[in-house]
Each structure stands twice: as structure tokens, then as C-alpha cells.
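Coordinates in review
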2 protein chains.
Amino acid sequence: MTRMNIEETAEYLKNCRDVHILIHRSPDGDCIGSGYSLQAVLRQLGIRSRVLCSDPIPPRFGYLLSDEEEEHFEPQCVIAVDVADEKLFGTLEETYAGKVDLCIDHHISNLQYADRLMLEGDASAACEVLYKVYRAMGVPFTRQIAMCLYTGMATDTGCFKYSNTTPETHIFTAQIMREFPDIRYDLINREMFTVKSRGQLAAETVMLQNMEYFAEGRITIIWATLDLCRANGVDEKDMEGLTSLGLQPEGVEVGITVREREPGEYKISMRSARDVNVSAICQVFGGGGHVKAAGCTLCGTIESVRVQLLSAVEAAL
Amino acid sequence: MTRMNIEETAEYLKNCRDVHILIHRSPDGDCIGSGYSLQAVLRQLGIRSRVLCSDPIPPRFGYLLSDEEEEHFEPQCVIAVDVADEKLFGTLEETYAGKVDLCIDHHISNLQYADRLMLEGDASAACEVLYKVYRAMGVPFTRQIAMCLYTGMATDTGCFKYSNTTPETHIFTAQIMREFPDIRYDLINREMFTVKSRGQLAAETVMLQNMEYFAEGRITIIWATLDLCRANGVDEKDMEGLTSLGLQPEGVEVGITVREREPGEYKISMRSARDVNVSAICQVFGGGGHVKAAGCTLCGTIESVRVQLLSAVEAAL
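So, here's what we can say about the structure. (Residues numbered from 1 in each chain as written. Chains lettered and ligands numbered in written order. Predicted model: local features only at pLDDT ≥ 70, side-chain atom pairs only at ≥ 80, totals over all residues. Heavy atoms only, no water.)

**Some words on the environment of A:Tyr134**
Residue and element names in this part refer to chain A. By the element assignment, Tyr134 lies in helix 4 (residues 126-137). Under the relative-accessibility criterion, Tyr134 is labelled buried at 0%. Residues Tyr134 and Gln308, 174 residues apart in the sequence, show an inter-C-alpha distance of 49 Å. Not counting chain neighbours up to four residues away, the residues in contact with Tyr134 comprise Ser34, Ser37, Leu38, Val41, Val139, Phe141, Ile145 and Leu149. (Helix = DSSP H or I, 4+ residues; strand = E, 2+ residues; numbered from the N terminus. Buried < 20%, exposed > 50% of the residue type's maximum accessible area, 1.4 Å probe, protein only. Contact = heavy atoms within 4.5 Å.)

Written as C-alpha cells, this is what we have:
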């Protein structure tokens, strides 16, 4: 495995041919923005490419896609963007594992599976790394490239809200806005951060109604049991992205969402508001994740799950 | 009234003495950040000042205040920051109306009541204007000044989300972050945008439960009647800041929140997701406001209020 810098990556991209671009399963704004901006940049150099993902691109990201779809071709070069682990290729893992020529990423946890790695662990988003690569390549930005890069940086930082936001995130965003003043960034942000489906709103209402407070309000637990979901017409998918609801009350340090998957089996999502390491707590239960966002699975009764979670979190507070 | 530019304002501030700094009633992050950063800047030049507001500063803005409190003194100079209209001085209007020497603002609607006006209608926040003034003055930034300016720009733009965000908003933010990398911007943002009191969460739950959809989902109405609020222990104050809840469902163009103030009297808040001018709609009912956020008062029954609102909004769609 060779580590590459921005200039070497730019040079490599200028000389590649017939590229398959891989993004991760359950695609988000950053990997979609990375993949489709890279395709647009390569197209300007006359290099054909396809963006491949094991899951469909959610319709709300439709504005990032290209109208022109390349037909099938055998790849001469495989590039993964925003993918820390080959497992995240999903159903494409079998085809592409061990065959990635270049990975461009910002996850410090990257498993270094590719022949060449352009990794910036301090960057807010893969799109922030790619912004620099494209500038080094000297290709002019198009409106589509600008929307891709903006969306990637905005979504991975919660609209410039989280601790991964860097001065460069803001500077690159400003430069994109100056170059493309007519893009409706406010409407992109509305779509990404404000809009919810009626199902999600129903799920949010149910979850807010069923929030429990512990440890003088420093811990919250939201229970989404099968009975409760059925009674309110809420399905599992509607609850995705709502795992940080429990961090909203003032004074909360750790917010826990418990979703009953099957009777007696609970999927736990744990979020930290400040400095409690929830990854360490979840590891005790055989799970893991990031310092501020982790998960695990527990079995038993509601009462036994509650006792286990509270004793572990209270010990960490 | 004299219009001043950045340099003239900087020069004026360097030469003022014994300053009363006025901010608007119901103070928000931008006027508080403006007022207390200006006090800190003047203090560095040996100029004493006091920040005056008709309402108390909400505790969550406590980190922006100065530890040193000046004793009472007669002002030689009165400066208003982020105040578009002398009416917004609240109880201080009587004392200070017609006596403002300088107003620094970003509201295009500024009524030009001050002797001197430094107005940038395109700036996202008064703090964005002040950033430039302080740089022109050449005073070094302190940690407190940095937190004030960041908070003002972040809060007035919904954390860089709204259409008033400019490239300069991002550039100035990046420069502040570079100069003060140790400030926990993520915790400021959590406090400003994520944290809610239990009362606010209860209000939000009640409002979500009582959302009505009209015009194929393009209009929402949330009813907060006296009965409903009493039954759920929600008070008027808890509902402030929740007037944009009705814009969350996908496809919504106009979100209306109706709060019953007294039996049969309704305070209407109207929010626009995209391009419908809700100020024009509210003007029909004797109200007004901004293009995307306006209000009015209606009297009658729930049914008659609903009919009036829907016919006016449907005509505008």
C-alpha cells in the first residue's frame, strides 16, 4: 500500500482510464457527492467512469446525479471514495475486494485495503479532500461538481455544526459559493436538514412521547418497542436518523435509543453530547463505533436492558 | 442622517467616549454577540461602555458576557447594534429615542433613526458587519470577541443554513476558527441549535401531534389552543422558536402556527419554505414581516380562522 498526497492523487487521476468508482452501502451525501463529482471531473478529461453502489441512491440526492449514464465497460481502474472498509461495499464486496487501485478517504479508521491511499483524517468529509485534489488537477468546476462538494461537506458536518468542521471546510464552501452564487444552497440545506417524511415525523412524535430521564437528566432512554411502533404505524426505516433525538433535552450527556428488533432483542444506539466515550461503553456489550456515536445489541426484558444500560453509562459519567 | 462605511465607523469608534451600547428587546445571539464584542473591543482601547437591554439576557448566552461590569455613568455616546427600529429598544425607547449617535446594522428595513448609520443589508448578521469594523480598527481579537462574533453569525444564519449566509460569513468564520482553534464551536452550536428545555420538547410533541395538512400537503397548520396547552402543561414561552415546525414535512410550501392567546383571538405565525411571500399574505390581515417569516392576528372561531388562512394561502400558491 502506497500513501499518496494531493498532487500525486491529482496526477494519478489525470492518467487513469475506464474507471469504476465505488461508494459505500447506505449511501450518504458525502459518498454520493464524492462519487458523482469525481465522475464529472473525469468526464471533463475525456475519461469514462461509472459510479457503483450496492444500494439505490435515495431520491432526495437526485440533484447530484449525472444525466448521462455510461454503458457497461470493463474497468481498467477501480477507485473507492469515502469507504473506510471493503465490507462497506455491501454486495459489491465480492467483485471488488482486493482490486481497489486507489482509495480517497477521510476516515482515520481506514483499513488501508487499497493499493494507493489518499487519506486525510482531519478533513470533515471526503468531499473536502476531493476539493483539493480537483484544484490540483486544474479542472474547472461545473455547477454539478459544486453542488456535489457542497452537499458532501454540509451533510458530514451537520451543516457546519459538528466538531469535525474545519476552517478549510468553511473556506472551500465560501469559494464554491463565490464561484456559483446562483445555486440555492438554502434549498439544498432545507432538503438535507429540515425536511422529514410524514412517517419520520410520526416516528419522532412517538419517540419524544416515550423518552425517559435518568441520572438527574444526564441520561435519556427512548424506547421504540414493536408494540409501540405497530400502534402508531411507525416502521424501522422511519426511525433512522432519529437516534440523536435523546440528546435534545438540556443537560443530557448520553442519549440512548432502544429499538426492539424481535421480541426480546434490542438494537441500542448511543449518542454522546460532549465528552463521554460511548464507543467504550458499547464495547462492553460487544458493540462499538465512534466516540460520540456507537451501538450494540442486547437481549432480555425491557427491565433488564434498562438496568444494564444505566449501570454502564452511570459508571462512565 | 449620515451613512458611514467600514473605515469611517472604525475611526468613529476609536474616538468615542463613555458609550452606552443598545441592543434590541427579546435579545438573540446576534445582538448579544454584537453588543458584548463591541464592549470588549472598546475596553481594549481604554473606552468604557455598558451594554443595555430592556430584557434580561437568556442564561444560555452567559458565555458571551463580560466578567467585569462597569458602574453607572452618563453616556457621551450612544451606539445601537442590530436594532432596525427604535421601538425595538423596548422599555429603553423613552430614554434613548432620538439620541442614538451611531447605529450598526444589517437589516435592510432599518428605519434610519440614528445620526450615523453603518448598514450592510447583504450581511448575514450585525456581527458580520462588526467583524469588518474591528479588523479595520486593528484591535486584536480575544477569545470572548471570537465567541461573540461566531455566535452572532451562526445564530442569524441557522448555523450557515439559510439564504442569508454569504461567502464572507464562511470566510470570517474560518478566520475566527484559525485564530482560536481551542474554542469548542461544536458545543456552542449544540447549545444554540440542538438543546431544548423539557417544556420546549413537550410543546414540540403537542404541536407535531396536532399538525393538519392541506392543499395536497403544501400547507400545514399547527393549532396550539388554550385547552390543548393547558392539558399538556405547555406554556406560551415554550412555543417560541417552534414556529417553523410546520415546514418540516416534505412538500410543504407554507407552514402556519396558530396560537390562541385569549379565547377567540389567534396569533398567526406564517413561514415559507421556498418562494411564497408570506409577508404579503399577512399584510392582507393587517400583519407583516419578512418574505419568509411573517405574522398577523385573527379573531373568530377555529373554523373561520382556518377558512380565512387557507383561502389566502391557496391563492398565493
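**Describing the nonpolar core**
Membership of the largest hydrophobic core comes to 116 residues, with the highest contact counts inside it found for A:Tyr134 and B:Tyr134. Counting residues in each nonpolar core, the second largest holds 26 residues, with A:Ala203, A:Leu242, B:Val206 and B:Leu242 among its members. (Core = buried A, V, L, I, M, F, W, Y, C linked by side-chain atoms within 4.5 Å.)

**Digging into helix 8 (residues 198-209) of chain A**
Given a rise of 1.5 Å per residue, 12 residues ought to cover 16 Å, and the 17 Å separating the end C-alpha atoms of helix 8 of chain A matches this to within 8%. Three or more residues of helix 8 of chain A are buried, namely A:Leu201, A:Ala203, A:Glu204, A:Thr205, A:Val206, A:Met207 and A:Leu208. (Expected span 1.5 Å × (residues − 1).)

**Notes on the pairing of strand 4 (residues 77-81) of chain B**
Regular strands show a simple pattern: their side chains alternate between the two faces of the sheet. Residues and elements named next belong to chain B. For strand 4, a buried count of 5 out of 5 residues is recorded, marking the element as mostly surrounded by other parts of the structure. Because side chains alternate across strand 4, one face comprises the buried residues Cys77, Ile79 and Val81, and the other comprises Val78 and Ala80, equally buried. Where strand 2 (residues 19-22) lies against strand 4, 4 bridges are found, and the strand directions are parallel. Note on strand 4: the bridge partner recorded for Ile21 is Ile79. Where strand 4 lies against strand 5 (residues 102-105), 3 bridges are found, and the strand directions are parallel. Paired with Ala80 across the strands is Cys103, a residue of strand 5. (Pairing = 2+ DSSP bridges.)

**Brief notes about the relation of the copies chain A and chain B**
Two copies of the chain are present, and they differ by a rotation about an axis and a shift along that axis. Between chain A and chain B, which share one sequence, the superposing operator has a rotation angle of 180° and an axial displacement of 0.0 Å; the RMSD is 0.1 Å. Given the turn and translation reported, the copies of this chain are related as if by a two-fold rotation axis. When the interface residues of chain A are mapped onto chain B, 100% of them again fall at the interface, so both copies present the same face. (Least-squares fit on C-alpha atoms with pLDDT ≥ 70 in both.)

**A closer look at the environment of B:Thr142**
Residues and elements named next belong to chain B. Position of Thr142 relative to the elements: it lies in the loop between helix 4 (126-137) and helix 5 (143-156). Classification of Thr142 by relative accessible area gives partly exposed; the value is 30%. As a C-alpha pair, Thr142 and Phe180 span 38 residues in sequence and 8.7 Å in three-dimensional space. Dropping the residues within four chain positions of it, Thr142 is found in contact with Gln44 and Phe180.

**Notes on helix 6 (residues 167-179) of chain A**
With 13 residues, helix 6 of chain A extends 19 Å from end C-alpha to end C-alpha; this agrees with the ideal 18 Å at 1.5 Å per step. Residues of helix 6 of chain A that are buried: A:Pro167, A:Thr169, A:His170, A:Ile171, A:Phe172, A:Thr173, A:Ala174, A:Ile176 and A:Met177. Residues of helix 6 of chain A that are buried make contact with helix 4, helix 5 (143-156) and helix 7 (185-194) of chain A together with helix 6 (167-179) of chain B.

**A word on the interface of chain A and chain B**
Listed per partner, the contact involves 45 residues of chain A and 45 residues of chain B. Our count for the chain A to chain B interface comes out at 4 salt bridges. Between B:Asp186 and A:Lys292 there is a salt bridge; the shortest N-O distance is 3.4 Å. Where chain A meets chain B, there are 15 residue pairs in polar contact (both at pLDDT 80 or more). Class assignment for the residues of the side of chain A that touches chain B results in 19 nonpolar, 12 polar and 14 charged. (Salt bridge = Lys/Arg side-chain N within 4 Å of Asp/Glu carboxyl O. Polar contact = N/O pair within 3.5 Å; in protein donor to acceptor, adjacent residues only side chain to side chain. Nonpolar A, V, L, I, M, F, W, Y, C, P; charged D, E, K, R; others polar.)

**Let's talk about the pattern of salt bridges**
Close approach of charged atoms allows side chains with opposite charge to pair. Applying the stated rule across the entire model yields 24 salt bridges over all chains. One salt bridge in this structure joins A:Glu253 and A:Arg274, with 3.9 Å as the shortest N-O distance. Here A:Arg274 lies in the loop between strand 10 (265-272) and helix 11 (278-284) and A:Glu253 lies in the loop between helix 10 (236-239) and strand 9 (254-262), a separation of 21 residues in the sequence. Notably, a salt bridge pairs B:Glu120 with B:Lys132, separated by 2.8 Å at the nearest N-O pair. Placement of the pair is B:Glu120 in the loop between strand 6 (116-119) and helix 4 and B:Lys132 in helix 4, with a sequence separation of 12 residues. Counted as one network, the salt bridges with shared partners bring together A:Arg184, A:Asp186, B:Asp275 and B:Lys292.

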